[in-house]
Amino acid sequence: GEDVEQSLFLSVREGDSSVINCTYTDSSSTYLYWYKQEPGAGLQLLTYIFSNMDMKQDQRLTVLLNKKDKHLSLRIADTQTGDSAIYFCAESTMNNAGNMLTFGGGTRLMVKP
Amino acid sequence: GAVVSQHPSWVICKSGTSVKIECRSLDFQATTMFWYRQFPKQSLMLMATSNEGSKATYEQGVEKDKFLINHASLTLSTLTVTSAHPEDSSFYICSVPVTGLAQGYTFGSGTRLTVV
C-alpha cells in the first residue's frame with residue numbers, strides 16, 4: 001500500500017532556511033504536493049511538482065524531487081515566524097473511486113524569532 | 001480561484017445526537033468530493049469519496065451507517081455523524097479535486113467536532 005513519511009518536527013531561527021523531507025512509496029504518483037496547515041484551519045496548497053521534474057522553485061519555496069529514491073523535499077528560504085505551521089507532503093494515488101491524495105504525517109515547523 | 005466553503009467551523013454536541021457538516025464548492029462544480037478526518041497531531045485520513053448522484057465510496061474501516069454522506073448536487077456534499085460519541089470528536093475536512101490545477105485539490109477550512 002501507499003505510505004508517505006515525514007519527520008515530525010523541525011525548529012529553525014527566523015531568517016534561516018528550512019528543509020522539510022518526505023519519502024513516498026508509490027512510484028506511479030503523477031504529482032506530489034506540499035500543503036500548509038495553520039492551527040484549526042484547513043489545508044493550503046503551497047506548491048506541487050510533476051513527477052518528471054527534478055526541481056521547482058516558487059519565490060521562497062524550492063521543491064526537490066528524487067524519483068529514484070522516492071524522496072521529496074521542501075526548502076523555505078528566509079524562514080519567517082509566519083511560516084510556523086504543519087507541513088504535509090502528499091502524493092496522488094489511485095483508489096477504487098479514482099484519484100486521491102495520500103498524506104504524510106506532517107512536519108511541525110517552529111520558527112524562533 | 002476554486003473556493004470550498006465548509007460549515008460549521010466548529011460544533012459541540014451531546015452524545016447520541018447527530019451532526020451535519022456541509023461542504024460547498026462556491027464557483028465551480030464538483031462531481032467528486034473527499035471527506036477526511038484528522039485527529040490531534042496526526043495526519044489526514046481519507047474517510048470516503050462522495051460522488052454526485054450516487055452512493056459514496058467508503059474507505060476500509062469507516063462505518064457507512066455512522067458517517068452518512070449525501071452529494072445531491074454538483075456544489076454540495078454533506079457528512080452527517082449519526083449518534084455521535086466522544087470518540088467521534090475530531091477535525092473533519094472536505095476536499096474537492098480541481099481540474100486545471102495539476103490534478104490538485106482545494107480544501108475546506110475544516111470542522112472541529114466535540115462530542116460531550
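These remarks concern the structure in this document. Nothing here was measured: the structure is a model prediction, and the numbers come from that model.

1. A closer look at the pattern of salt bridges
Step number 1: Taken as a whole, this structure holds five salt bridges over all chains when the rule is applied.
Step number 2: A salt bridge links Glu 38 of chain A to Lys 36 of chain A; the shortest N-O distance between them is 3.4 Å.
Step number 3: Classification of Lys 36 of chain A as buried rests on a relative accessible area of 9%.
Step number 4: Here Glu 22 of chain B makes a salt bridge to Arg 24 of chain B, at a shortest N to O gap of 3.4 Å.
Step number 5: We classify Arg 24 of chain B as partly exposed; its relative accessible area is 33%.

2. A closer look at unusual backbone geometry
Step number 1: In this chain, His 7 of chain B is followed by Pro 8 of chain B through a cis amide linkage whose omega measures -5 degrees.
Step number 2: The backbone of Lys 70 of chain A sits at a positive phi, close to 55 degrees, despite the residue not being glycine.
Step number 3: Tracing the backbone shows Lys 70 of chain A in the loop between strand 7 (61-66) and strand 8 (71-76).
Step number 4: Assessed through its relative accessible area of 24%, Lys 70 of chain A is described here as partly exposed.
Step number 5: A positive phi is found at Ser 83 of chain B, a non-glycine position, where the angle reads about 45 degrees.
Step number 6: The residue Ser 83 of chain B is located in the loop between strand 8 (76-81) and strand 9 (90-98) in this model.

3. Details of the environment of Cys 22 of chain A
All names here are of chain A.
Step number 1: Within the secondary structure, Cys 22 sits in strand 3 (residues 18-24).
Step number 2: When its relative accessible area of 2% is taken as the criterion, Cys 22 is described as buried.
Step number 3: Once the C-alpha coordinates of Cys 22 and Cys 89 are considered, the two residues, 67 residues apart in sequence, prove to be 6.6 Å apart.

Each value, and the rule that gives it
Residues numbered from 1 in each chain as written. Chains lettered and ligands numbered in written order. Predicted model: local features only at pLDDT ≥ 70, side-chain atom pairs only at ≥ 80, totals over all residues. Heavy atoms only, no water. Salt bridge = Lys/Arg side-chain N within 4 Å of Asp/Glu carboxyl O. Buried < 20%, exposed > 50% of the residue type's maximum accessible area, 1.4 Å probe, protein only. Helix = DSSP H or I, 4+ residues; strand = E, 2+ residues; numbered from the N terminus.

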